[in-house]
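# Geometric and topological summary
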Amino acid sequence: MIKTRIAIFASGTGSNAVNLIHFFKNDSSIEVAFVLSNKADAKVLDSAAELGVKTMSYTNTQVADGDFLNTLCREEKVDWVILAGYLRLIPAELIAAYNGRMINLHPALLPNYGGKGMHGRNVHVAVIANQENTSGITIHYVNEGFDKGELIAQFHCSLNETDTVESLEDKIRYLEQTYLPTVVRGAILS
Ligand code: GRF
């Protein structure tokens, strides 16, 4: 049986990319085609390569080129694109080509704490500064609005006055590690 091929885009450590790779390793319907990063020295590239997954790194100029990415994904027979800790804007041409087949992970409860500059640690700093009593993760389809695509799922965690940016990061990581792969699989197979 021909498997659905997913490309994972990531910019940093890649704990989510690694989790997805493990999860889909022996999946009967889905396989990871490659991991792409815009940072040549991103840890995610080493981790993915160690797990036997093809890796690619391109410059910020290259990953801003929609035709370039479309050609690449077409050549690699990519069916879905998963953004897991990817910090660059996706060109409109790629969003159009993967309409309904591109998923982003966001470390907050959108529409709160989304949009420009709201990524990674910045999000957690803002959440703690505002003394929120809840945060969480959002898994959503990607459209041309920054963090504005249709929701697929959200998962919450509670916060109290003792929480710090670091403890919030731990709670978010736990939610990501627990839920992202099954939600991605469910969206692809639905
Ligand atoms: C994750 O919290 C993700 O939601 C956010 O950036 C972080 C990346 O972590 N966008 P990693 O690179 O997957 O370890």
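Notes on the structure in this doc start here. What you see is a predicted model; the values in this text were computed from it and never measured. (Residues numbered from 1 in each chain as written. Predicted model: local features only at pLDDT ≥ 70, side-chain atom pairs only at ≥ 80, totals over all residues. Heavy atoms only, no water.)

## Some details on the packing of helix 6 (residues 120-129) against helix 7 (residues 165-189)
Helix-helix packing is characterised by the crossing angle of the two axes and by the distance between the axes. Two elements in contact, helix 6 and helix 7, have axes whose closest approach is 9 Å; the angle formed by their N-to-C orientations is 120°. Judged by the angle between their axes, helix 6 and helix 7 are oblique. Of the two elements, helix 6 crosses helix 7, and the hand of that crossing is right-handed. Across from R121, H124, V125, V127 and I128 in helix 6, the residues of helix 7 making contact are V165, E166, L168, E169 and I172. (Axes fitted to C-alpha atoms, helices over the stretch in contact; angles between N-to-C directions. Helix = DSSP H or I, 4+ residues; strand = E, 2+ residues; numbered from the N terminus. Parallel < 35°, antiparallel > 145°, perpendicular 65-115°, else oblique. Left-handed = near helix turned anticlockwise from the far one by under 90°. Contact = heavy atoms within 4.5 Å.)

## Focus on the packing of aromatic side chains
Overall, the coordinates contain five aromatic pairs when judged by the stated rule. Ring geometry for W80 and Y141: centres 6.4 Å apart, planes at 40°, overall tilted. Placement of W80 in strand 4 (residues 80-83) and of Y141 in strand 6 (residues 134-141) is noted, with a sequence separation of 61 residues between them. We note that W80, like Y141, is buried. The interplanar angle of 0° and the centroid separation of 3.8 Å between the aromatic rings of F155 and Y179 together place this pair among those described as stacked. Linking F155 in strand 7 (residues 151-158) with Y179 in helix 7, this pair joins segments that are 24 residues apart in sequence. Y179 sits in the partly exposed class, given a relative accessible area of 29%. (Phe/Tyr/Trp six-rings, centres within 6.5 Å; stacked < 30°, edge-to-face > 60°. Buried < 20%, exposed > 50% of the residue type's maximum accessible area, 1.4 Å probe, protein only.)

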